[in-house]
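# Structure at a glance
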Amino acid sequence: MLKNVASFFSLYLATLLMLVGTGLFNTFLSLWLTAASVSEIWVGAQMAAYYFGLVAGARVGHKLIIKFGHIRAYSAGAAIVTAALLTMALADNLWLWLALRLLVGLAMVTQFMVIESWLNEQAENKIRGSIFALYMVFSGLGMVLGQFALVMFPELDFKPIIFAAMCSVLCLVPIALTGRLHPAMQVPVPIKPRYYFSLVPMSLATVFITGLLTGAFYGLGPVFAVRQGLSYDQAAIFVAAGVAAGLVAQGPMGWLADRLNRAGLIRVTSLLLLLVGVPLWGWVQLPYWALLVISCAFGILQFPLYPVGVAFANDNIEPERRVGLSAIVLMIYGLGACLGPLIAGALMRGIGTQTFFMFVSACAAVLVLYVRPQRVSGDHLSADAPTQFVPMSEVQATPVVAALDPRVDVESDVSAEPVPEEAAAAS
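Description of the structure in this document. (Residues numbered from 1 in each chain as written. Predicted model: local features only at pLDDT ≥ 70, side-chain atom pairs only at ≥ 80, totals over all residues. Heavy atoms only, no water.)

## Here's the deal with the packing of aromatic side chains
We apply this condition: Each Phe, Tyr or Trp ring, with Trp reduced to its six-membered ring, pairs with another whose centre is within 6.5 Å; inter-plane angles below 30 degrees give stacked pairs, above 60 give edge-to-face pairs, and intermediate values give tilted ones. Summary of the burial criterion: residues with accessible area below 20% of their type's maximum are buried, those above 50% are exposed, and those between are partly exposed, where the area comes from a 1.4 Å probe applied to protein chains only.
One pass over the structure, following the stated rule, counts 22 aromatic pairs. On the basis of an interplanar angle of 75° and a centroid distance of 5.0 Å, the ring pair of Tyr 195 and Tyr 196 is categorised as edge-to-face. An identical accessibility class is assigned to Tyr 195 and Tyr 196; each is buried. Judged by centre distance (5.1 Å) and plane angle (80°), the rings of Phe 356 and Phe 357 are edge-to-face. For the pair shown, Phe 356 and Phe 357 are each scored as buried. Among the aromatic residues, ring-to-ring pairing joins Phe 217, Tyr 218, Phe 224, Phe 238, Phe 298, Phe 303, Phe 356 and Phe 357 into one connected group.

## A short note on the side chain of Arg 101
For clarity, the cut-off: The helix and strand labels rest on DSSP assignments: H or I over at least four residues marks a helix, E over at least two residues marks a strand, and numbering proceeds from the N terminus. Definition of a polar contact: a pair of N or O atoms within 3.5 Å, with one able to donate and the other able to accept a hydrogen when the atoms are protein atoms, and with sequence-neighbouring residues admitted only if both atoms are side-chain atoms. It only takes one pair of heavy atoms within 4.5 Å for two residues to be counted as in contact.
Along the chain, Arg 101 turns up in helix α6 (residues 94–122). Look at Arg 101 and you get buried, because its relative accessible area is 2%. A distance of 3.4 Å separates a polar atom in the side chain of Arg 101 from the backbone oxygen of Gln 46. If near-sequence neighbours (up to four positions away) are discounted, Arg 101 is found in contact with Phe 25, Asn 26, Leu 29, Gln 46, Met 47, Ala 49, Tyr 50 and Met 88.

## Considering the packing of helix α11 (residues 201–227) against helix α16 (residues 322–350)
What counts is decided by this rule: Axes here refer to lines fitted to C-alpha atoms; in helices the fit is confined to the stretch in contact. Angles between the N-to-C directions go from 0 to 180 degrees. The labels follow the angle: roughly parallel below 35 degrees, roughly antiparallel above 145, roughly perpendicular from 65 to 115, and oblique for the rest. In this scheme, a crossing is called left-handed if the near helix is turned counterclockwise away from the far one by less than a right angle; it is called right-handed if the turn is clockwise.
Running from N to C, α11 and α16 cross one another at 40°; their axes reach a closest spacing of 6 Å. Compared by their axis directions, α11 and α16 come out oblique. Of the two elements, α11 crosses α16, and the hand of that crossing is right-handed.

## Observations regarding the nonpolar core
The nonpolar side chains of a soluble globular protein tend to be buried, and buried together. Defined as follows: In this description, a nonpolar core means a group of buried Ala, Val, Leu, Ile, Met, Phe, Trp, Tyr and Cys residues linked to one another through side-chain atoms lying within 4.5 Å.
Judged by nonpolar contacts, the single largest core of 131 residues is most densely connected at Ile 115, Phe 238 and Phe 356. Excluding residues that lie within four positions of it along the chain, Ile 115 makes contacts with Leu 11, Ala 14, Thr 15, Met 18, Tyr 74, Tyr 135 and Ile 175.

## Overview of a nonpolar patch on the surface
The test is simple: Exposure above 30% relative accessible area and the absence of a salt bridge qualify a residue for a patch, where like charges join within 9 Å and nonpolar side chains (Val, Leu, Ile, Met, Phe, Trp, Tyr) within 5 Å. The Shrake-Rupley method, run with a 1.4 Å probe sphere, supplies the accessible areas, and residue values consider only the shown protein chains as cover. We define a salt bridge as a side-chain nitrogen of Lys or Arg found within 4 Å of a carboxyl oxygen belonging to Asp or Glu.
Nonpolar side chains collect at one region of the surface, where Leu 86, Phe 158, Ile 162, Met 166, Leu 170, Val 173 and Leu 177 lie side by side and expose about 650 Å² of accessible area between them. Ranked by the residues each element gives to the nonpolar patch, the list is headed by helix α8 (residues 159–170), at 3 residues. Structurally, the position occupied by Ile 162 is in helix α8. For Ile 162, a relative accessible area of 41% puts it in the partly exposed group.

## Description of the packing of α11 against helix α15 (residues 305–315)
To be explicit about the condition: Side-chain classes are defined by residue name, with Ala, Val, Leu, Ile, Met, Phe, Trp, Tyr, Cys and Pro counting as nonpolar, Asp, Glu, Lys and Arg as charged, and the others, Gly among them, as polar.
At their nearest, the axes of α11 and α15 sit 8 Å apart, and the two run at 160° to each other. As far as their axial angle goes, α15 and α11 are roughly antiparallel. In the packing of α11 onto α15, the handedness of the crossing is left-handed. Touching Met 202, Ser 203, Thr 206, Val 207 and Thr 210 of α11 are Leu 305, Tyr 306, Gly 309, Val 310, Phe 312 and Ala 313, all from α15. Looking at the contact of α11 with α15, its residues break down into 7 nonpolar, 4 polar and no charged.

Shown next as structure tokens:
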């Protein structure tokens, strides 16, 4: 494992620096706007614009890399992100910020594609799974460290923006100085939504709901914490606690997912998630320690739902079409992450702060009602089911990373070919 870290250290370090800056700035922006008494709708829109850029920018990023090369495309992305961050510090206009957040998402997805292309190209088959796992570890660690780094800036001035911009610039160094050869760029797989919706609707519903919750938590979680009377650094720790607990929980949740019925596990986890939100519906004012406990419980239950849902989907898809499945999963997850902060922000603005966890409970209730083990027919069960549970990060990953998933065999994949007639007709 240490040998793999050393071998790809420059790529992992670049990922870590990118996500430290992103994690810090996402939370800081929510707190900054809240301190300025900006509507929760605007706060949610800023997060939604970022996620929309991540989802919509994959095709653009692919063209840039093909035309200009990996290092140049990555450098351009880092420069755009840095300039956008500093412009937000200079210009006090919400519409401009919205456009800049979209631009940041578009630029960052190109950076992720560069890193993931390198990992895909130069990871040997026998270590592909561990390379994927380490990439997800560094991604998650960057998000957590970003939250904790915000604690170093108790005052909401321009210092956190400068720190995030520094991270954006410094992530250029490992890529610019890497001795690795440029990889070949993989062609994006065509997305065939009807085919995958017809085979794994419950899995995709799980992915969509987790996208709603993740986007809402990153965008409006800090706002909720401040409205509960926490200081700005306590609000950052509130978010960090949930994210860190979610990352740690993926190990035990994976152990359960490989031994229990996955549809049943999703349903039970969703029921517990529904109940976790109930104490924060506005009945009582909870102390700081209790809010941290609930944030950890939320993270433990919510963040592992995404990889469990993906594993559940892989159980019911032919191994030869899993690259296409990865593409549709990321699209559905990203759509949820775009809509989640918008919906939660509108509810918090129109009704009250307590509706944030009412929204969480409502989303969990949808999964409790929709995902049922008895609805799994098994007609499309793959030969290798149950497939391996793989800890996964959030929507920062791009379709390129599908090739690193140990459940995927890129050489035999036929996702780009026409779908089977019976599946197409069933949809």
